[in-house]
Amino acid sequence: MATNLTPLEELFYQECLKAGNNGLTSTDFSGIHPDSPVMDTAIAMNSLLGRGFIEVFQLRGEQIYKALKKEEVGKAGALQGEEQVVYNTIRASGNEGIWTKHLKSKTNLHEAVIKRCLRALEQKALVKAIKSVKHPTRKLYMLMELTPSVEVTGGPWFTDQELDVEFVEQLTNHCYKYILMKSFPRDASCIFTSTHNAYPSAANVRKYIMDKRISQVDLSVDDITMLLDVLVYDGKVERFIAAVDEDWDDEDMDTDSDWVYKAVRDKKAESAWQDCPCGVCPVADFCSEGGPVNPAGCNYYNKWLDF
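One structure accompanies this document, and this report is about it. Remember, predicted model here, so these are calculated numbers, not experimental data. (Residues numbered from 1 in each chain as written. Predicted model: local features only at pLDDT ≥ 70, side-chain atom pairs only at ≥ 80, totals over all residues. Heavy atoms only, no water.)

### Focus: the overall build of the protein
What counts, and what does not: Strands are runs of DSSP state E lasting at least 2 residues, helices are runs of H or I lasting at least 4, and numbering of each runs from the N terminus. Throughout, exposure labels follow a simple rule: accessible area from a 1.4 Å probe, protein chains only, divided by the maximum for the residue type, with under 20% read as buried, over 50% as exposed, and the rest as partly exposed. The contact definition used throughout considers only heavy atoms, calling two residues in contact when any of these lie within 4.5 Å. Computed by Shrake-Rupley with a 1.4 Å probe, the accessible areas treat only the displayed protein chains as cover when residues are assessed.
A tally of helices and strands in the protein yields 13 helices and nine strands. Within the span of the protein, comprising 307 residues, buried residues form 35% of the whole. Considering only intrachain contacts with a sequence separation of at least 6, the fraction spanning at least 24 residues in the protein is 52%. Roughly 19500 Å² of accessible area belongs to the protein as shown, and the carbon and sulfur atoms make up 52% of that amount.

### Observations regarding the packing of aromatic side chains
We count it as follows: Under the pairing criterion, centres of Phe, Tyr and Trp rings, with the six-membered ring standing for Trp, must be within 6.5 Å; the plane angle then separates stacked pairs below 30 degrees from edge-to-face pairs above 60, leaving the rest tilted.
This structure, assessed with the given rule, holds five aromatic pairs. Ring plane angle 80° and centroid distance 5.7 Å describe the contact between Phe-12 and Tyr-65, whose orientation is recorded as edge-to-face. Placement of Phe-12 in helix H1 (residues 7-19) and of Tyr-65 in strand S2 (residues 62-67) is noted, with a sequence separation of 53 residues between them. A single burial state applies to Phe-12 and to Tyr-65, both of which are buried. Where Tyr-178 meets Tyr-208, the ring centres are 4.3 Å apart and the plane angle is 20°; that geometry is what we call stacked. In this pair, Tyr-178 sits in helix H9 (residues 165-183) while Tyr-208 sits in helix H10 (residues 202-211), placing the two residues 30 residues apart along the sequence.

### Topic: the pattern of salt bridges
This is how the line gets drawn: We define a salt bridge as a side-chain nitrogen of Lys or Arg found within 4 Å of a carboxyl oxygen belonging to Asp or Glu.
Throughout the structure, instances matching the rule amount to six salt bridges. One salt bridge connects Arg-206 with Asp-218, and the closest N-O pair in it is separated by 3.1 Å. Placement of Arg-206 in helix H10 and of Asp-218 in the loop between H10 and helix H11 (221-233) is noted, with a sequence separation of 12 residues between them. Given the relative accessible area of 25%, Arg-206 is considered partly exposed. For Asp-218, a relative accessible area of 59% gives the class exposed. The partner of Lys-207 in a salt bridge is Asp-211, and the shortest N-O contact between them spans 2.7 Å. Residue Lys-207 and its partner Asp-211 are both found in helix H10; the two are separated by four residues, about one turn of the helix. The pair Lys-207 / Asp-211 is uniform in exposure class, with both members exposed.

### Thoughts on unusual backbone geometry
Look at Asn-108: it is not a glycine, yet its phi comes out positive at around 60°. Positive phi, normally seen in glycine, also occurs at Ala-125, with a value near 60°. What makes Ala-125 partly exposed here is its relative accessible area of 44%.

### Regarding the environment of Leu-140
Relative to the elements of secondary structure, Leu-140 occurs in strand S5 (residues 139-143). Expressed as a C-alpha distance, the spacing of Leu-140 and Ala-129, which sit 11 residues apart in the sequence, is 5.5 Å. Not counting residues within four places of it along the chain, the set of residues in contact with Leu-140 comprises Glu-96, Ile-98, Trp-99, Lys-128, Ala-129, Ile-130, Ser-132 and Val-152.

### A word on the sheet that holds strand S4 (residues 127-131)
The strands making up a sheet associate through hydrogen bonds between their backbones, and the pairing can be parallel or antiparallel. Short version of the rule: Paired strands are those between which DSSP finds at least two bridges.
Here three strands make up an open sheet; going across it, the order is S3-S5-S4 and the pairing antiparallel. Of all the strands in the sheet, just strand S3 (98-99) and S4 have a single pairing partner and so form its edges. Taken together, the two bridges between S3 and S5 define a ladder with antiparallel strand orientation. Residue Trp-99 lies in a different strand from S5, and its bridge partner there is Leu-140.

### Details of the environment of Phe-167
Secondary-structure assignment places Phe-167 in helix H9. Note on Phe-167: relative accessible area 14%, which makes it buried. Note: C-alpha distance between Phe-167 and Ser-215 (48 residues apart in sequence) is 8.7 Å. Not counting residues within four places of it along the chain, the set of residues in contact with Phe-167 comprises Pro-156, Trp-157, Ser-215 and Val-217.

### Describing the side chain of Ser-201
Position of Ser-201 relative to the elements: it lies in the loop between H9 and H10. Classification of Ser-201 as buried rests on a relative accessible area of 11%. Setting aside residues no more than four positions away along its own chain, Ser-201 makes contact with Trp-259, Val-260 and Tyr-261.

### Re the side chain of Asp-223
Relative to the elements of secondary structure, Asp-223 occurs in helix H11. With residues up to four places along the chain from it excluded, the contact list for Asp-223 reads Pro-156, Trp-157 and Asp-218.

### Describing the packing of helix H6 (residues 100-107) against helix H7 (residues 111-123)
To keep it simple, the criterion reads: To get an axis, fit a line to the C-alpha atoms, keeping to the stretch in contact for a helix; angles then go from 0 to 180 degrees between the N-to-C directions. Geometric relationships in this document are graded by angle, where less than 35 degrees denotes roughly parallel, more than 145 denotes roughly antiparallel, 65 to 115 denotes roughly perpendicular, and other angles denote oblique. The handedness criterion is simple: a crossing whose near helix is rotated anticlockwise from the far helix by less than a right angle is left-handed, and one whose near helix is rotated clockwise is right-handed. Each residue is assigned to one class: nonpolar for Ala, Val, Leu, Ile, Met, Phe, Trp, Tyr, Cys and Pro, charged for Asp, Glu, Lys and Arg, and polar for all the others, Gly among them.
The geometry of H6 relative to H7 is characterised by a closest axis approach of 10 Å and an angle of 110° between their N-to-C directions. One element, H6, and the other, H7, form an angle in the roughly perpendicular class. The chirality of how H6 crosses H7 is right-handed. Contacts between H6 and H7 involve Thr-100, Leu-103, Lys-104 and Thr-107 from the first element and Glu-111, Ile-114 and Leu-118 from the second. A class-by-class count of the residues in the contact of H6 with H7 yields three nonpolar, two polar and two charged.

Right, here's the structure in full:
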């Protein structure tokens, strides 16, 4: 990988790369390369650590060495001593970030030393301080180039660590109106047949929201599903598996992508009876067996059953 490494340093570094996240111990290396002198191996490890090619962790009292990625070597290698320890610990926290108190316990460094290192790393634009919606009073640190996770920022529903209630309510209402529009015919006296399969999925709702530019934030299908779950819990919409063909079986089900949503009628008029022609028939009072209007000869009923 690097021409400025000695053969033994290159060998140790490559073994660390092969070990991946599991890391490599000096005992592991000696087992793989028993002919390598122990003292020379120790010198090679210290050289790699000093130049930021590898990092070391303690696991059950044993030192574990891990190789840094090529793009990370330059940054870590430019740091020395305590700054490098603090940087590597922050880097290990990924996009979740790490609280200063946890940073202290993991590095075993004095609080004043950690503050000095953090100040230096921020000045070098290597790390940044962020706030978490779960713990607003805590200051977390992560690498400058990383984007905080949804668990930290709260996702699109939070602005400056505050829940944007107005934004959530506005989007939820738009989702409901779209589902309502797709749930029933425009003519209130008509109903969809039992085989109607045009009820919207979460992906359909997201496309509507984004196409209409209702949200300036790029929302994912999972984000929209969260809003639709609220509507389900509020009893405004119901969720069910979309109509399927004859060849469909349980193995064809693709998590949430097969779920569709339908608006629930107003509570004061809500009845399963309204989903069949008899429930909305204007001459139902005159319908009787053998009469001029009867169930056996009802064209609407046959159409609903898709005969």
